[in-house]
Amino acid sequence: WHSLEELVGSALARLEPGLKSRAVRVTIPADLPLVPVDGVLVEQALVNLLENAVKYTAPDCPIEVTARAGDGVGGVGVREVRGEPPHTSNGCAMGA
């Protein structure tokens, strides 16, 4: 059983040099339960997703990591944050 907050934190720590000055937002509910996962594999999957987000988004585009749970199902997401200040009205785009 693992804390998603800890797995996300570990993945971010592994990528700290590569993230440089990228803005990364982490949104994980405080009451999120522990999850029965292979911690090593989930951490590596998060590292891969974060590396792709850094590689395929504009450098000034924030990255957001979220986690949620409900009705016996949970999820973790990594995405670019589009169209928020100080970004242009076009927002951020993959591959920019």
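Worth saying up front: this structure is predicted, and the values here are computed from it rather than measured.

Right, let's get into the sheet that holds strand 3 (residues 73-80). With mixed pairing, the three strands of this open sheet are ordered in space as 1-2-3. With one partner strand each, in any of the chains shown, strand 1 (24-27) and strand 3 form the two edges of the open sheet. Strand after strand, the sheet turns through a mean of 10° between neighbouring axes, direction not considered. Where strand 2 (residues 63-70) lies against strand 3, eight bridges are found, and the strand directions are antiparallel. In the sheet register, Arg 68 faces strand 3, and the bridge partner there is Gly 75. Helix-sheet contacts for helix 1 (residues 4-19) involve strand 1, strand 2 and strand 3, and the interaxial angle to strand 1 is about 175°.

Turning our attention to helix 2 (residues 39-56). The first and last C-alpha atoms of helix 2 sit 26 Å apart over 18 residues, in line with the 26 Å expected at 1.5 Å per residue. Those residues of helix 2 that fall on the buried side of the exposure criterion are Gly 39, Glu 43, Leu 46, Val 47, Leu 50 and Ala 53. For helix 2, the angular spread of buried residues about the axis comes to 125°, placing them on one side. The exposed set on the far side of helix 2, more than 90 degrees from its buried face, consists of Val 40, Leu 41 and Lys 55.

Turning next to the packing of helix 1 against helix 2. Two numbers describe how helix 1 lies on helix 2: the axes approach to 9 Å, and their chain directions differ by 40°. On the basis of the axis angle, helix 1 is oblique to helix 2. Here helix 1 runs over helix 2; the crossing is right-handed. When helix 1 is examined against helix 2, the residues Leu 7, Val 8, Ser 10, Ala 11, Leu 12, Arg 14, Leu 15, Gly 18 and Leu 19 are found in contact with a partner set consisting of Gly 39, Val 42, Glu 43, Gln 44, Leu 46, Val 47, Leu 50, Glu 51 and Val 54. Among the residues forming the contact of helix 1 with helix 2, the class breakdown is eleven nonpolar, four polar and three charged.

Rules used in this analysis
Residues numbered from 1 in each chain as written. Predicted model: local features only at pLDDT ≥ 70, side-chain atom pairs only at ≥ 80, totals over all residues. Heavy atoms only, no water. Pairing = 2+ DSSP bridges. Helix = DSSP H or I, 4+ residues; strand = E, 2+ residues; numbered from the N terminus. Axes fitted to C-alpha atoms, helices over the stretch in contact; angles between N-to-C directions. Contact = heavy atoms within 4.5 Å. Expected span 1.5 Å × (residues − 1). Buried < 20%, exposed > 50% of the residue type's maximum accessible area, 1.4 Å probe, protein only. Arc of directions from axis to C-beta. Parallel < 35°, antiparallel > 145°, perpendicular 65-115°, else oblique. Left-handed = near helix turned anticlockwise from the far one by under 90°. Nonpolar A, V, L, I, M, F, W, Y, C, P; charged D, E, K, R; others polar.

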